[in-house]
Amino acid sequence: MSRVSAIPSTLNLTLAIVFFACQFARRGVLWRIMAATLRSFLLAVLGVTLLVVAGCQTPPRHGSDKDALSEPYLRSAGDLVVLAGTVVHLRADGSRDHPALILIHGFGSSLHSWDAWAEDLMDRYRVLRFDLPGSGLSPPDQTGLYTDARAFELIEAVMARDGAERVTLIGHSLGGRIAWSYAARFPDRVDQLILISPDGYESPFFRYNQPARIPIIARLAPYFLPRPVVYLALRRAYGSQASPDAATLSRYYDLIMQPGARQALLERMRQTILTNPDRVLPGLQVPTLLVWGEEDRIIPIDNADDYLRALPQARLIRFNHIGHLPQEEAPALTLRPIKAFLQP
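Definitions and limits used
- Residues numbered from 1 in each chain as written.
- Predicted model: local features only at pLDDT ≥ 70, side-chain atom pairs only at ≥ 80, totals over all residues.
- Heavy atoms only, no water.
- Helix = DSSP H or I, 4+ residues; strand = E, 2+ residues; numbered from the N terminus.
- Polar contact = N/O pair within 3.5 Å; in protein donor to acceptor, adjacent residues only side chain to side chain.
- Contact = heavy atoms within 4.5 Å.
- pLDDT = per-residue confidence, 0-100.
- Pairing = 2+ DSSP bridges.
- Axes fitted to C-alpha atoms, helices over the stretch in contact; angles between N-to-C directions.
- Buried < 20%, exposed > 50% of the residue type's maximum accessible area, 1.4 Å probe, protein only.

1. Some words on the side chain of S250
Part 1 of the reasoning: Following the sequence through the fold, S250 ends up in helix α9 (residues 246-256).
Part 2 of the reasoning: One polar contact links S250 to R227, side chain to side chain, over a distance of 2.7 Å.
Part 3 of the reasoning: Setting aside chain neighbours within four positions, we find S250 in contact with Y73 and R227.

2. Description of the confidence of the model for the protein chain
Part 1 of the reasoning: Predicted confidence across the protein chain gives a mean pLDDT of 85, with 79% of residues reaching 70 or more.
Part 2 of the reasoning: Within the model, pLDDT remains below 50 along residues 1-38, and this stretch shows 37 contacts once partners closer than five positions in the same chain are excluded.
Part 3 of the reasoning: Contacts of residues 43-59 to residues separated by more than four positions or lying in other chains number 29 contacts, the stretch itself having pLDDT below 50.

3. Concerning the sheet that holds strand β1 (residues 80-83)
Part 1 of the reasoning: Taken together, eight strands build an open sheet; the order of strands is β1-β2-β4-β3-β5-β6-β7-β8 and the sheet is mixed. What marks the edges here is a single partner per strand, and that holds for β1 and β8 (315-319). Mean inter-strand twist for the sheet, computed between neighbouring axes without regard to direction, equals 25 degrees.
Part 2 of the reasoning: Sheet topology places strand β3 (residues 100-104) next to strand β4 (residues 126-130); five bridges connect them, and they run parallel. The residue bridging I104 from the neighbouring strand is F130, located in β4.

4. With respect to the environment of I104
Part 1 of the reasoning: Within the element layout of this structure, I104 appears in strand β3.
Part 2 of the reasoning: What makes I104 buried here is its relative accessible area of 1%.
Part 3 of the reasoning: Through-space distance from the C-alpha of I104 to that of H172 is 6.4 Å; in sequence the pair is 68 residues apart.
Part 4 of the reasoning: Apart from residues lying up to four places away in sequence, I104 is in contact with W114, I155, L169, I170, G171, H172, G175, I178 and A179.

5. Details of the pairing of strand β7 (residues 288-293)
Part 1 of the reasoning: Most of β7 sits inside the fold, with six of its six residues counted as buried.
Part 2 of the reasoning: The two faces of β7 match: T288, L290 and W292 on one face and L289, V291 and G293 on the other face are all buried.
Part 3 of the reasoning: Direction of pairing for strand β6 (residues 190-196) relative to β7: parallel, over a ladder of four bridges. Looking at β7, one finds that L195 is bridged to L290.
Part 4 of the reasoning: With five bridges connecting them, β7 and β8 associate as parallel partners.

Dropping the structure here:
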């Protein structure tokens, strides 16, 4: 068997192990031990796979391929603008006379995650959303910086470009951490905060004041990322009420295959240094709404208790059968309490 013809068999084995490891992890202690063993074997398989495909790794898109890939997701060439020294994909909808909202997406996502909410909100609000550099249709940051402080510069640039003095920030996951961190740093610029499954508290791979411990699988992503792996990751982000459809899967996969995107995501992980939110949040006086899916397996709803202790004035809205992506899984249902919160 040739090296290239061996790839499908290796991929099938790899994906099978991923599937069973995810299933086992849901069960008892013995099953978790089995899952850990399978995961270790998976790492070995992926390592061998990488060696096998060293000369034929997943290529970045260039030239006409890149243009064809971007076309379904770019509404207008005018949405690609220069902000704070780098090209950013920015969409602005609604009248500038309306209160301004800035929507910040999560890790590996894009501004398209907000499509349904933006469509509903633009009649009463100025809706501003952008792809973080190296995500969606924003190319990698020309400064090479992917820190939260760099994200603050981009928020400031979006506001300055639109003439907004104050905004409401709506952030999901990574975007939630950026939103509350910005509000803590610049409280006079933020009217309200809406945090959907926000990141911020430490986890096994992200400890306070330490560089991230990046899993081997994440390090392989710039070189090798099969479409089924993206589907498995996206499916895990959804709850039991909905599943990602083919168009959603294609969008996530196509955008993560943009030139430099996977390396930029890896750099964002490398440059992430968490600060304990309990040292920052108690001083935050901005009205805050927390939104969480009961079935969130990415940032479990137990994290909401930490936020409520640090932000006693915050309110929590919980949704049954919803996972990590409320704005995509059930946009109409999950937007209702947000619209009520936004209304004076």
